[in-house]
Amino acid sequence: MKIPSRGVRGFTALALALCAAPSVAQSDCNLSGYWETRGGVVTLELDESALRARGVKAGAWRSTARSRLRPHLDTSYRVEYGERSRLVFASNRGGFSSVISGSLRSVGTLVLQLPSGRELEVGDFELCLAMHHNGSHFSGSLCDRRSTDQEVFVLTARDARKLARFDGHGQRLEWAGIELRFSAPWAKAQGAPELAGVRAGWLHLEAPVGPATVFEPE
C-alpha cells in the first residue's frame, strides 16, 4: 500500500519540533509517525430497542422450520490482513492523530429481517474510514461484499479521535463507539426507505498494529 506523501513532510517536521520540547517524553516521541493495522476484530453492537421499534430483527443465521432467527446483539467479525485490508493512521506523541488511507475487510455474515418479513444476508463487510480537516471531520461506511455490494451502514462520530485508543508500546489500536446508521440508498433498494438514517448500533474495532512504510510518489 502506498501512503500519500502530501502532508508527510509537514507532519514529520511537526513531530520533530514537538520531540525537541523538554516537556515531551522521548518514549512518546518514538511513537510519532505512521502505523498500520494487522488483522483484528470488528464488532457490531446492535441497538435492539431501536431495531425492534422499526420492525427489524438481526441475527447470525437464517431462521428455519426448527429454529427461528435468534437475536445476536454483539456480532464479531475477523479482519483479514493484506494489501487490500489495512488501515494506515498517524500518531503524534504516542496518541492517535488521524486516518491516512486504507480499508479493512472482515469475514462473517449478518442476517437482517426487514419490516416486510424478508430475510437478507449481508456480510464480509468492508470498513472504510476517513478523516478530514486535521481530523475534525470524520466519515465512514460499512459495505456488504456478500450479497448486495452496497453500503449498508454509514458511520458517524462527534469526535472520532477521542473514541480511538492507540497503545504504541503494546502495538494495539482500539476504536469504540462509532455510530452505525442504515444507509439511505441501501434502505431504498431493499424496499424499506423508512430505515434510512435509523441508528442500528455501534461499531468497535480492535486491531494489532505495526509501523507503516511511507513511500515517495512515483
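Note that the structure is a prediction, hence the values are computed from the model and not measured.

Peer 1: It is not clear to me how the overall build of the protein chain should be interpreted in this structure. Could you clarify?
Peer 2: Looking only at helices and strands, the protein chain features five helices and 14 strands. Taking as baseline every contact in the protein chain between residues at least 6 positions apart, the subset at least 24 positions apart corresponds to 64%. Here the protein chain has roughly 11,200 Å² of accessible surface; of this, 49% comes from carbon and sulfur atoms.

Peer 1: It is not clear to me how the packing of aromatic side chains should be interpreted in this structure. Could you clarify?
Peer 2: What describes a pair of aromatic rings is the distance from one ring centre to the other and the angle between the planes of the rings. Under the definition given, this model contains nine aromatic pairs. With a centroid separation of 6.5 Å and 55° between ring planes, the pair formed by F125 and F153 is classed as tilted. One end of the pair, F125, is in the loop between β8 (119-123) and β9 (126-132); the other, F153, is in strand β11 (residues 151-156), with 28 residues separating them in the sequence. According to the relative accessible area criterion, F125 is buried, its value standing at 2%. When the centroid spacing of 5.2 Å and the interplanar angle of 35° are considered together, the rings of F153 and F182 count as tilted. Here the residue F153 occupies a position in strand β11, and F182 occupies one in strand β13 (residues 172-182), the gap between them amounting to 29 residues. Through pairs of rings, three or more aromatic residues link up here, namely W35, F89, F96, F138, F166 and W175.

Peer 1: Help me understand unusual backbone geometry in this model?
Peer 2: Note on backbone geometry: most residues besides glycine have negative phi, and most peptide bonds are trans. In this model, D149 sits at a positive phi of 55°, which is unusual for a non-glycine residue. Note that D149 resides in the loop between β10 (137-143) and β11. Positive phi, close to 55°, is recorded for Q171, a residue that is not glycine. Relative to the helices and strands, Q171 resides in the loop between β12 (164-167) and β13. A relative accessible area of 35% places Q171 in the partly exposed class.

Rules of the game
Residues numbered from 1 in each chain as written. Predicted model: local features only at pLDDT ≥ 70, side-chain atom pairs only at ≥ 80, totals over all residues. Heavy atoms only, no water. Helix = DSSP H or I, 4+ residues; strand = E, 2+ residues; numbered from the N terminus. Contact = heavy atoms within 4.5 Å. Areas by Shrake-Rupley, 256 points an atom, 1.4 Å probe, with all protein chains shown as cover. Phe/Tyr/Trp six-rings, centres within 6.5 Å; stacked < 30°, edge-to-face > 60°. Buried < 20%, exposed > 50% of the residue type's maximum accessible area, 1.4 Å probe, protein only.

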